[in-house]
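Here's the letter readout for the chains.
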Amino acid sequence: DVKVTQSSRYLVKRTGEKVFLECVQDMDHENMFWYRQDPGLGLRLIYFSYDVKMKEKGDIPEGYSVSREKKERFSLILESASTNQTSMYLCASSRSGVPLNTEAFFGQGTRLTVV
Amino acid sequence: LAKTTQPISMDSYEGQEVNITCSHNNIATNDYITWYQQFPSQGPRFIIQGYKTKVTNEVASLFIPADRKSSTLSLPRVSLSDTAVYYCLVFGGNTGKLIFGQGTTLQVKP
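All of the points below concern the structure found in this document. All residue numbers refer to positions counted from 1 along the written sequence of the respective chain. To label them, take the chains in the order written and letter them from A, then take the ligands in the order written and number them from 1. Given that the model is predicted, a residue must reach a pLDDT of at least 70 before its local features are reported, and side-chain atom pairs must reach 80 or more before they are shown or counted; all residues, however, enter totals for whole chains, interfaces and linings. Hydrogens and water molecules were not included; the side-chain quantities draw on all heavy atoms of the structure.

## Notes on the overall build of chain B
Here is the rule we go by: Helical segments are the DSSP runs of H or I of at least four residues, strand segments are the runs of E of at least two, and each set is numbered from the N terminus. Each radius of gyration reported is based on C-alpha atoms, and the globular scaling rule is 2.2 Å times the count of residues to the power 0.38. In this scheme, a residue with accessible area under 20% of its type's maximum is buried, one over 50% is exposed, and one in between is partly exposed, where area comes from a 1.4 Å probe on protein chains only. Note on contacts: a residue pair is in contact if any heavy atoms of the two residues lie within 4.5 Å. For accessible areas, the Shrake-Rupley method is used with a probe of radius 1.4 Å. Any residue's cover is judged against the shown protein chains and nothing else.
Scanning chain B for helices and strands turns up zero helices and nine strands. Secondary structure elements in chain B, listed N-terminal to C-terminal, are β-β-β-β-β-β-β-β-β. Here the C-alpha atoms of chain B give a radius of gyration of 13 Å, agreeing with the 13 Å that 2.2 N^0.38 yields for 110 residues. When its C-alpha atoms are laid out on the principal axes, chain B stretches across 40 × 30 × 25 Å. Looking at chain B residue by residue over its 110 residues, the buried ones come to 47%. Within chain B, residue pairs in contact and separated by at least 24 positions form 56% of the contacts whose partners lie at least 6 positions apart. With an accessible surface of roughly 5400 Å², chain B has 51% of that area assigned to carbon and sulfur atoms.

Right, dumping it as C-alpha cells:
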C-alpha cells in the first residue's frame, strides 16, 4: 500500500514563527502536493512539485514556500506564521503520466493552529 | 483546467441508490473524470475514474454520456458509512496538478 506520512498530526505555533511541515511518501511517486482545507472552502492547492527541485504554485501560494530536495520528501514552509494560516494541511503524492496521475494518495493531515 | 460544478449537498437514506452529477461543460479531449471521497478528519481517497461511457468498480459506478459535458457518480445501496464529501475532478495533461472544487456533502440518514 502507498503510504504518505505527515510529520505531525497536530501542531500549535506562535505568530511569526517559521514552521516546517514535512511529508514523506514511500512509493517513488514523481508528483507531490500540499493543500489546505478550511470549512466551506474545500481543498485548495498551495504548491505542487512534479520532480526533485521542481515546483509550481497552486491557487494560494502566498505566505508559503516549499522544498523538494529528495524525491520522497516534500516540505511546506510557513516563513512567518500568521493566525489566518490556522488550517488543516494535507500532503498527497501521485505517479506521473496520464491517467495514473489522476490518482493521488493523501496523508492523514496536519491540523495547524497559529496563536 | 476544466471547471466542474456539482451540488453542494445531498441527503439520502440507507439502502437507497445515490447519484451525484457533475457538470464540466468545457472538458478537453484529453481530460479524464475522477471522483474522490473524503471522510471527516481524513484526506480524500480516490474512488473511480473514467474517460467515456460507464466504469464500475467495487465502490461505485461512473456514467459519462457521449458529449462528456457531465458525469454521474452512482453509489448503490448507501449506508451510514457513505456519509462523506465527494469531489469531481476533470483532469488532463502531463503536469499532474490536481485541483479540487468544493465537493458534494452527502448525508446518509437511517
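Right, picking up where we left off after that structure.
## Remarks on the environment of Ala92(A)
Following the sequence through the fold, Ala92(A) ends up in strand S9 (residues 87-94). For the pair formed by Ala92(A) and Tyr35(A), sequence separation is 57 residues and the distance between their alpha carbons is 8.1 Å.

## Details of the sheet that holds strand S6 (residues 61-64) of chain B
What links the strands of a sheet is backbone hydrogen bonding, and the strands pair in either a parallel or an antiparallel sense. Residues and elements named next belong to chain B. Put simply, the test is: Strands are treated as partners if at least two bridges between them are detected by DSSP. Between N-to-C directions, angles span 0 to 180 degrees; the directions come from axes that are lines fitted to C-alpha atoms, helices contributing only their stretch in contact.
A sheet is described by the order of its strands in space; here four strands give the open sequence S2-S7-S6-S5, paired in antiparallel fashion. Of all the strands in the sheet, just strand S2 (18-23) and strand S5 (53-56) have a single pairing partner and so form its edges. Taken pair by pair, the neighbouring strands of this sheet meet at an average axis angle of 15°, ignoring direction. Summarising the sheet, S2 and strand S7 (residues 70-75) pair through six bridges and their orientation is antiparallel. Along S7, the bridge assignment pairs Ser 23 with Ser 70.

## Focus on the state of the cysteines
Just so we agree on the cut-off: The disulfide definition used here is simple: a pair of cysteine sulfur atoms within 2.5 Å.
Evaluated as defined, the whole model comprises two disulfides over all chains. Through a disulfide, Cys23(A) is tied to Cys91(A); the S-S separation comes to 1.9 Å. Disulfide Cys23(A)-Cys91(A): torsion about the S-S bond near -80°, hence left-handed. Of this pair, Cys23(A) sits in strand S3 (residues 19-25) while Cys91(A) is found in strand S9, placing the two residues 68 residues apart along the sequence. Summarising the burial analysis for this pair, Cys23(A) and Cys91(A) share the class buried. Shown here is the disulfide that connects Cys22(B) with Cys88(B), its sulfur atoms set 2.2 Å apart. Measuring the twist about the S-S bond at about -80°, one finds the Cys22(B)-Cys88(B) disulfide to be left-handed. Of this pair, Cys22(B) sits in strand S2 while Cys88(B) sits in strand S8 (residues 84-91), and the two are 66 residues apart along the sequence. By the burial criterion, Cys22(B) is buried, and Cys88(B) matches it.

## Details of the pattern of salt bridges
Keep this limit in mind: Salt-bridge detection follows one rule: a side-chain nitrogen of Lys or Arg within 4 Å of a carboxyl oxygen of Asp or Glu.
Summed over the entire model, instances satisfying the criterion amount to seven salt bridges over all chains. The partner of Lys53(A) in a salt bridge is Glu69(A), and the shortest N-O contact between them spans 2.4 Å. With Lys53(A) in the loop between strand S5 (42-51) and strand S6 (54-57) and Glu69(A) in strand S7 (residues 64-70), this pair connects stretches of sequence that are 16 residues apart. The partner of Asp11(B) in a salt bridge is Lys109(B), with the nearest N and O atoms 3.4 Å apart. On the criterion of sequence distance, the pair formed by Asp11(B) in strand S1 (residues 9-13) and Lys109(B) in strand S9 (residues 104-109) is long-range, its members being 98 residues apart. For Asp11(B), a relative accessible area of 51% corresponds to the exposed category. Within this structure, Asp28(A), Glu30(A) and Lys71(A) form a network of salt bridges that share partners.

## A few points about the sheet that holds S3(A)
Residue and element names in this part refer to chain A. With respect to topology, four strands assemble into an open sheet ordered S1-S3-S8-S7, the strand pairing being antiparallel. Each edge of the open sheet carries a strand with a single partner, namely strand S1 (4-6) and S7. Here the strands of the sheet are splayed against their neighbours by 20° on average, with no regard to which way each runs. Note that S1 and S3 share three bridges and pair antiparallel. Looking at S3, one finds that Thr 5 is bridged to Val 24.

## A short note on the side chain of Ser61(B)
Residue and element names in this part refer to chain B. To be explicit about the condition: Within 3.5 Å is the distance limit for a polar contact, defined as a pair of N or O atoms, with the added protein rule that one can donate a hydrogen and the other accept it, and that residues adjacent in sequence qualify only through two side-chain atoms.
Residue position: Ser 61 is located in strand S6. Polar side-chain contacts of Ser 61 include one of 3.0 Å to the side chain of Thr 56. The residues contacting Ser 61, other than those within four sequence positions of it, are Ile 48, Lys 54, Val 55, Thr 56, Thr 72, Leu 73 and Ser 74.

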